[in-house]
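Inside the fold
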Amino acid sequence: MEMTTQPFRSVLYIPGSNQRALEKARGLAADAILFDLEDAVAPEAKAEARETLARALADGGYGRRTKVLRINALTTPWGNDDVRVLRGAGADAILLPKVNSPTDVDALADLLPSEMPVWVMMETPASIFEARAIAAHGRVTGLVAGTNDLAKDLGCRARPDRLPLMGALQTIVLAARAARGVVAIDGVYNRFRDEEGLRAECAQGRDLGFEGKTLIHPAQIDIANAAFAPAPEEIELARRHIAAFEESQAAGQGVAVVDGQIVENLHVVAARRILARADAIAGMEAQGR
Ligand code: COA
Ligand code: MG
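Each value, and the rule that gives it
Here the residue numbers are simple positions, counted from 1 along each chain's written sequence. Chains carry letters and ligands carry numbers; both start at the beginning, A for chains and 1 for ligands, and go up in the order they are written. Totals for whole chains, interfaces and linings use all residues, but because this is a predicted model, local features are given only for residues with pLDDT of at least 70 and pairs of side-chain atoms are given and counted only at 80 or more. Based on all heavy atoms of the structure, the side-chain values leave hydrogens and waters out of the count. Under the DSSP-based scheme used, a helix requires at least four consecutive residues in state H or I and a strand at least two consecutive residues in state E, with every element numbered from the N terminus. The reference for a compact globule is 2.2 Å times residues^0.38; the radius of gyration itself is calculated from the C-alpha atoms. Buried, partly exposed and exposed residues are distinguished by accessible area as a fraction of the type maximum, computed with a 1.4 Å probe on protein chains only: under 20%, between the cut-offs, and over 50%, respectively. In this analysis, two residues are considered to be in contact whenever any of their non-hydrogen atoms come within 4.5 Å of each other. Method for areas: the Shrake-Rupley scheme with a 1.4 Å probe, in which residue coverage is limited to the protein chains shown. Charge counting treats Lys and Arg as positive and Asp and Glu as negative, with His and both chain ends excluded. By convention, the point assigned to a charge is CZ for Arg, NZ for Lys, CD for Glu and CG for Asp. In plain words, nonpolar cores are sets of buried Ala, Val, Leu, Ile, Met, Phe, Trp, Tyr and Cys residues tied together by side-chain atoms within 4.5 Å. Salt bridges are identified by distance alone: a Lys or Arg side-chain nitrogen within 4 Å of an Asp or Glu carboxyl oxygen. Near, as used in this document, describes a residue that has one of its heavy atoms within 4 Å of the molecule or strand being considered. Here a polar contact means two N or O atoms within 3.5 Å. Within protein one must be a hydrogen donor candidate and the other an acceptor candidate, and residues neighboring in sequence count only if both atoms are side-chain atoms. Residue type decides the class: Asp, Glu, Lys and Arg count as charged, Ala, Val, Leu, Ile, Met, Phe, Trp, Tyr, Cys and Pro as nonpolar, and the leftover types, Gly among them, as polar. Expected helix span is taken as 1.5 Å per residue step, with the number of steps being one fewer than the number of residues. The rule is short: rings of Phe, Tyr and Trp, with Trp giving its six-membered ring, pair when the centres are within 6.5 Å, and they are stacked under 30 degrees, edge-to-face over 60, tilted in between. Whether a charge lies above a ring is judged from NZ of Lys or CZ of Arg, which has to be within 6 Å of the ring centre and within 35 degrees of the ring normal. At least two bridges found by DSSP between two strands is the condition for calling them paired. Structural elements are reduced to axes, namely lines fitted to C-alpha atoms, with helices fitted over the stretch in contact, and the angle between N-to-C directions of any two is expressed from 0 to 180 degrees.

What follows is about the overall build of the protein. Check the secondary structure of the protein and you find twelve helices and ten strands. Relative to the 2.2 N^0.38 estimate, which gives 19 Å for 289 residues, the radius of gyration of the protein is 20 Å and therefore close to what a compact globule would have. Each principal axis of the C-alpha atoms in the protein carries an extent, and together these give about 70 × 40 × 40 Å. Looking at the protein as a whole, 49% of its 289 residues qualify as buried. Taking the contacts inside the protein whose residues are at least 6 apart along the sequence as the reference set, 69% of them involve residues at least 24 apart. Counting only carbon and sulfur atoms, one obtains 51% of the accessible surface of the protein, whose full area is about 13,600 Å². Side-chain charges of the protein comprise 33 positive and 39 negative groups, with the mean position of each set lying 2 Å from the other.

Have a look at this one:
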């Protein structure tokens, strides 16, 4: 399976209207930033936020953090102007909200330079049914779970175990993996002062297979970075799996045994992926963002 080597553990939303937060983000340990023009910006502030974001991106200073720009849907009064003003502003990807089908992605792709990747908010019930086709769209390189919108549309309860959203969350990860090379980022945790709750939800998202979590507050960054990084024990075990398997192969055997568990070629693939992710994270930490 292809996996991107860029880390996406912590993906921080910043309202495009919040000059102070835009400034602050240049020094935060987020792997990626979602510059938002959609729901975090009030209708009367949209036009100014557009200009503020254009300036922030032009000024730069966001280093190796992936810069994703969330525009308004093209069916709103703002979407087309967002694209017109910001398509050449230096973002790494454009994030399209309220997508229902690949046709919505086509509409945006038609307005963008051909090399500009598209990320998609997976937040309508229709998008979950169309997840496979959306992720397989040639321009799409990232899926972001929009769990608040999804819960609203489903009329489901907000539960700590997210059971009512589980089918949708798994579908998003399945679609990203079926498409290969598409990043899947989990939804936000609304109680931004509740560290315990965030830690649990990050662990759940990681166990489901998401690469990282969208965040709303800087206080959430360290927890997400820790949760979505391979743990030292995982790295150690991955190294032992690889070593044991190579030893077995040299001895003409197809499988190895480590700690009483079978290790096959597929485990070695998973182990190499863990080491690649750990390397990417170490590189980001060592060289600075
Ligand atoms: N990105 C960068 N910096 C942020 C930030 C963010 N998302 N949220 C807060 N900050 C900064 C504040 O500017 C403040 O900086 P300062 O102390 O240097 O002045 C510091 O972090 C502490 O902020 P705090 O006072 O604890 O939070 P707040 O009450 O100002 O804001 C929220 C709380 C939730 C309104 C704010 O975090 C926010 O707007 N988050 C993003 C919401 C969003 O984008 N939603 C759309 C997607 S769901
Ligand atoms: Mg939304």
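Structure shown, so let's carry the discussion forward.
This brings us to the nonpolar core. Formed by 59 residues in total, the largest nonpolar core has its most connected members in Phe35, Leu69, Leu108, Val120, Met122 and Leu143. By residue number, the principal contributor to this core is helix α8 (residues 166–179), which donates seven residues. What valine 120 contacts, discounting residues up to four positions off in sequence, is Leu95, Leu96, Val99, Val105, Ile134, Val140, Gly142, Leu143 and Val144. Listed in part, the 14 residues of the second largest apolar core include Leu34, Trp119, Met121 and Ile185.

Should the charged atoms of two oppositely charged side chains come close, the side chains can pair. Evaluation of the coordinates by the stated rule reveals 26 salt bridges. For aspartate 81, the salt bridge is made with arginine 84, and the minimal N-O distance between the two is 3.0 Å. Pair noted here: aspartate 81 and arginine 84 are both in helix α3 (residues 79–86), with a separation of three residues, about one helical turn. Assessed through its relative accessible area of 29%, aspartate 81 is described here as partly exposed. What emerges from the salt-bridge pattern is a single network uniting Asp36, Glu38, Asp39, Arg70, Lys98, Glu123, Asp149, Lys152 and Asp153.

Let's shift gears to the site of ligand 1. Near ligand 1 you find 16 residues, and of these Tyr13, Arg20, Lys24, Ile216 and His217 are the closest. The contact in question runs from a nitrogen atom of ligand 1 to an N or O atom on the backbone of tyrosine 13, over 2.7 Å. Interatomic distance of 2.8 Å between a backbone N/O atom of isoleucine 216 and a nitrogen atom of ligand 1. Burial of ligand 1 by the protein amounts to 64% of the accessible area it has alone, namely 890 Å². Looking at the shell around ligand 1, the elements with two or more residues in it are β1 (10–15) and α1 (19–24). The greatest single-element share of the shell around ligand 1, amounting to four residues, is contributed by β1. Looking at the shell around ligand 1 residue by residue, the class counts come to ten nonpolar, one polar and five charged.

In this model helix α11 (residues 232–250) runs 27 Å from its N-terminal to its C-terminal C-alpha over 19 residues, within 8% of the 27 Å that 1.5 Å per residue would give. Regarding α11, the residues found buried are Ile235, Ala238, His241, Ile242, Ala244, Phe245 and Ser248. In this structure, the buried residues of α11 make contact with β9 (256–258), β10 (261–263) and α12 (265–287). Positive phi shows up at glycine 252, right after α11, with a value of about 80 degrees.

Attention now moves to the packing of aromatic side chains. The full count for this structure, using the stated rule, is two aromatic pairs. Residues phenylalanine 35 and tyrosine 62 carry aromatic rings whose centres are separated by 5.1 Å and whose planes lie at 80 degrees to one another, so their mutual orientation is edge-to-face. Of this pair, phenylalanine 35 sits in strand β2 (residues 32–36) while tyrosine 62 sits in the loop between α2 (46–59) and β3 (66–70), placing them 27 residues apart in sequence. Note on accessibility: phenylalanine 35 and tyrosine 62 belong to one class, buried. Sitting above the plane of the tryptophan 78 ring, lysine 46 keeps its charged end 4.8 Å from the centroid.

The eight strands are arranged β1-β2-β3-β4-β5-β6-β7-β8 in a closed barrel whose pairing can be described as parallel. Going across the sheet, the axis of each strand differs from the next one's by a mean of 25 degrees, ignoring polarity. Of the strand pairs in this sheet, strand β7 (residues 183–186) and strand β8 (residues 212–215) are connected by two bridges, and their pairing is parallel. The residue of β8 that forms the bridge with isoleucine 185 is glycine 212. Packing of helix α4 (residues 102–109) onto the sheet brings it into contact with β4 (93–96), β5 (118–122) and β6 (140–145), and relative to β4 it is tilted by some 135 degrees.

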